[in-house]
Amino acid sequence: EIPVSISDQDISDQILIYPNPFTSHVNIRLPENIQQLFKVQVLDINGRLVKIISVENNANITWDGMNDSGIKVNQGLYFIEIKSGSNTWIKKVLLR
């Protein structure tokens with residue numbers, strides 16, 4: 001057997017964030033062919049942690065625009081940080 005690996009760029013290209021911009025919720029779709037644990041966090045424009053999103057499987061994750069205290073965050077640019085092992089991917093999302 002020949003080992004097959006997927007490059008970080010390939011994984012980044014497979015991470016889908018939609019709709020973007022969003023008003024009520026945003027969907028985060030991670031690659032289904034990656035069988036690893038993911039940690040998903042939302043950071044504000046200053047890099048402060050806004051929300052930790054629990055991930056039970058790789059399929060579909062939703063962020064409702066609320067912080068960890070259940071308060072709706074302000075409109076603006078946020079970063080979705082996805083970590084798996086030693087890899088980190090960051091995607092921008094705009095809340096309107």
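Worth saying up front: this structure is predicted, and the values here are computed from it rather than measured.

Caption draft 1: Looking closely at a nonpolar patch on the surface. Taken together, I45, L77 and L94 make up a surface patch of nonpolar side chains, about 220 Å² in accessible area. With respect to the helices, strands and loops of the structure, L94 is situated in strand β7 (residues 87–95). Residue class for L94 comes out partly exposed when judged on its relative accessible area of 30%.

Caption draft 2: Here's a closer look at the environment of F79. For F79, the position within the fold is in strand β6 (residues 76–84). Once the C-alpha coordinates of F79 and I45 are considered, the two residues, 34 residues apart in sequence, prove to be 7.2 Å apart. Other than its neighbours up to four places away in sequence, F79 contacts Q41, V42, L43, D44, I45, I90, K91 and K92.

Caption draft 3: Highlighting unusual backbone geometry. The step from Y18 to P19 runs through a cis peptide bond, and the omega angle for that step is -10°. By the element assignment, P19 lies in the loop between β1 (16–18) and β2 (26–29). A cis amide bond links N20 with the next residue in sequence, P21, at an omega value of 10°. Tracing the sequence through the fold places P21 in the loop between β1 and β2.

Caption draft 4: Structural detail: the pairing of strand β5 (residues 60–63). Burial along β5 is one-sided: the residues I61 and W63 are buried and none of N60 and T62 is. Relative to β5, β2 runs antiparallel, the two being bridged by four bridges. From the neighbouring strand, V26 faces β5, where its bridge partner is W63.

Caption draft 5: Representation of the sheet that holds strand β4 (residues 49–53). An order of β4-β3-β6-β7 is seen for the four strands of this open sheet, with the pairing classed as antiparallel. One side of each edge strand has no neighbouring strand; the edge strands of this open sheet are β4 and β7. Taking the axes of each pair of neighbouring strands and ignoring which way they run, one obtains an average angle of 20° across the sheet. The pairing of strand β3 (residues 39–43) with β4 spans four bridges and is classified as antiparallel. Bridged to Q41 within β4 is I52.

Caption draft 6: Inspection of the nonpolar core at higher detail. Ranked by size, the top nonpolar core spans 21 residues in total, and within it I28, W63, Y78, I80, I82 and V93 carry the most contacts. Counting residues per element, the ones that place at least two in this core are β2, β3, β4, β5, β6 and β7.

Caption draft 7: Layout of the packing of aromatic side chains. As enumerated under the stated definition, the model contains two aromatic pairs in all. Summarising the aromatic geometry, the rings of W63 and Y78 are spaced 5.5 Å apart at their centres and angled 65° between planes, so their arrangement reads as edge-to-face. Residue W63 is located in strand β5, and its partner Y78 is located in strand β6; the two are separated by 15 residues in the primary sequence. Y78 carries the same exposure label as W63, and that label is buried. By the ring-pair criterion, three or more aromatic residues cluster together here, those being F22, W63 and Y78.

Parameters and conventions
- Residues numbered from 1 in each chain as written.
- Predicted model: local features only at pLDDT ≥ 70, side-chain atom pairs only at ≥ 80, totals over all residues.
- Heavy atoms only, no water.
- Patch = residues over 30% accessible without salt bridge, like charges linked within 9 Å, V, L, I, M, F, W, Y side chains within 5 Å.
- Areas by Shrake-Rupley, 256 points an atom, 1.4 Å probe, with all protein chains shown as cover.
- Salt bridge = Lys/Arg side-chain N within 4 Å of Asp/Glu carboxyl O.
- Helix = DSSP H or I, 4+ residues; strand = E, 2+ residues; numbered from the N terminus.
- Buried < 20%, exposed > 50% of the residue type's maximum accessible area, 1.4 Å probe, protein only.
- Contact = heavy atoms within 4.5 Å.
- Pairing = 2+ DSSP bridges.
- Axes fitted to C-alpha atoms, helices over the stretch in contact; angles between N-to-C directions.
- Core = buried A, V, L, I, M, F, W, Y, C linked by side-chain atoms within 4.5 Å.
- Phe/Tyr/Trp six-rings, centres within 6.5 Å; stacked < 30°, edge-to-face > 60°.

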